[in-house]
Amino acid sequence: MRVSELGHAGLRRRLSADGLLLATGPFVTRIRSRIPSVAEGINSLYPDCEVHNADSFYDFDCELRPPRSLRRFYRPQVVFLSDQRVVFKPLPRHQAYPMLEWGMNWCIASHVQNRLVLHAAALERNGRALILPAPPGSGKSTLCAALASHGWRLMTDESVLVALDTAEISGPARPISLKNASINVIRDFCPEANVNTPVHDTLKGTVAHMRPPRDAVERARQRAPPAWVVFPRFRPGADTRLIDRAPGEAFMGLVANAFNYAALGGRAFHAIGDLVDRTRAFDFTYSRLDEAMATFEALADGRQ
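Residues numbered from 1 in each chain as written. Predicted model: local features only at pLDDT ≥ 70, side-chain atom pairs only at ≥ 80, totals over all residues. Heavy atoms only, no water.

Draft legend 1. Spotlight on the packing of helix α5 (residues 181-189) against helix α10 (residues 289-300). In the contact formed by α5 and α10, the axes pass within 12 Å of each other and the chain directions differ by 65 degrees. The angle between α5 and α10 places the two elements in the roughly perpendicular class. Within the contact between the two elements, α5 uses Val 185, Ile 186 and Phe 189 and α10 uses Leu 289, Asp 290 and Met 293. Counted by class, the contact of α5 with α10 contains 5 nonpolar, no polar and 1 charged residues. (Axes fitted to C-alpha atoms, helices over the stretch in contact; angles between N-to-C directions. Helix = DSSP H or I, 4+ residues; strand = E, 2+ residues; numbered from the N terminus. Parallel < 35°, antiparallel > 145°, perpendicular 65-115°, else oblique. Contact = heavy atoms within 4.5 Å. Nonpolar A, V, L, I, M, F, W, Y, C, P; charged D, E, K, R; others polar.)

Here's what the structure looks like:
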């Protein structure tokens, strides 16, 4: 069964009772909440994802609810719990849905130990994976959303999963996070994209999420061998430039963006070394998405 088959009322019932067991790529997350915006967000952004039965296995247990304090009566807030433990400070209640996305990202970054987890986007083209590691504010998600709407299969916007034995790439294929000016940039550049209603005044500014394409969701468990590692940087007015990055610099850049490098120790060191050996690495600067699309088209076709 998919989320769209539950109907909005059925979705809210599951979230309010035993929880919604939502499958995203290799993970199943149990989500519980009575907050209407959580149900609205899931209904809008996850319609193509599978829903498992209440007695099925799940990887992560999440709940969003008001904090148990008197403040909830005069300044409504929301807390995120993982395995019944509060892991973030309370946020204003209107930020409940973004908090769910941030919490699900936290679960992957904090608990997955059988794969290397990179803070990066990943997309697939012609059976080969592109990895986009970058810190916040680099334009990674904007670039990822544009590529996912122009012939590349979305694998992940946030959590790249690298197999420790084969270096194959996979991801949960969840919604793409967009912030501030990038929201309207993607709405204008990708008019077919489904972007939900923005939430204002968060710690990250104004945030919205783009629904993953249905094909990406249906193929989310398909791995792909890595071919390119591109470190993007958006600079207003800059010329589009794709420049080779030395293997040593690529290695250190991946280490800096690995969530569980310290936890995996030597296995992470060898996994990143293997990843660098199997890929071409670049630094990419851009300011215009149409030029960026042409650059990545040439890269996929072997003309770069």
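Draft legend 2. Spatial organisation of helix α1 (residues 3-16). In this model α1 runs just 15 Å from its N-terminal to its C-terminal C-alpha over 14 residues, more than 12% under the 20 Å that 1.5 Å per residue would give. Helix geometry: α1 is bent most strongly at Ala 9, by close to 80 degrees. Val 3, Leu 6, Gly 10, Leu 11 and Leu 15 are the residues of α1 that are buried. Those residues of α1 that are buried lie in contact with β1 (20-24), β2 (27-33), α2 (36-45) and β3 (51-52). (Expected span 1.5 Å × (residues − 1). Bend = angle between axes of the 7 residues up to and from the residue. Buried < 20%, exposed > 50% of the residue type's maximum accessible area, 1.4 Å probe, protein only.)

Draft legend 3. Main features of the pattern of salt bridges. Here the structure, examined in full by the defined rule, presents 17 salt bridges. When the shortest N-O distance is used, the salt bridge between Arg 174 and Glu 101 registers 2.7 Å. Taken together, the residues Arg 174 in the loop between β12 (169-170) and β13 (176-179) and Glu 101 in helix α3 (residues 96-111) connect sequence positions 73 residues apart. Each member of the pair Arg 174 and Glu 101 is classed as buried. One salt bridge in this structure joins Arg 278 and Asp 274, with 2.8 Å as the shortest N-O distance. In this pair, Arg 278 and Asp 274 are both assigned in helix α9 (residues 266-278), 4 residues apart and thus about one turn of the helix distant. (Salt bridge = Lys/Arg side-chain N within 4 Å of Asp/Glu carboxyl O.)

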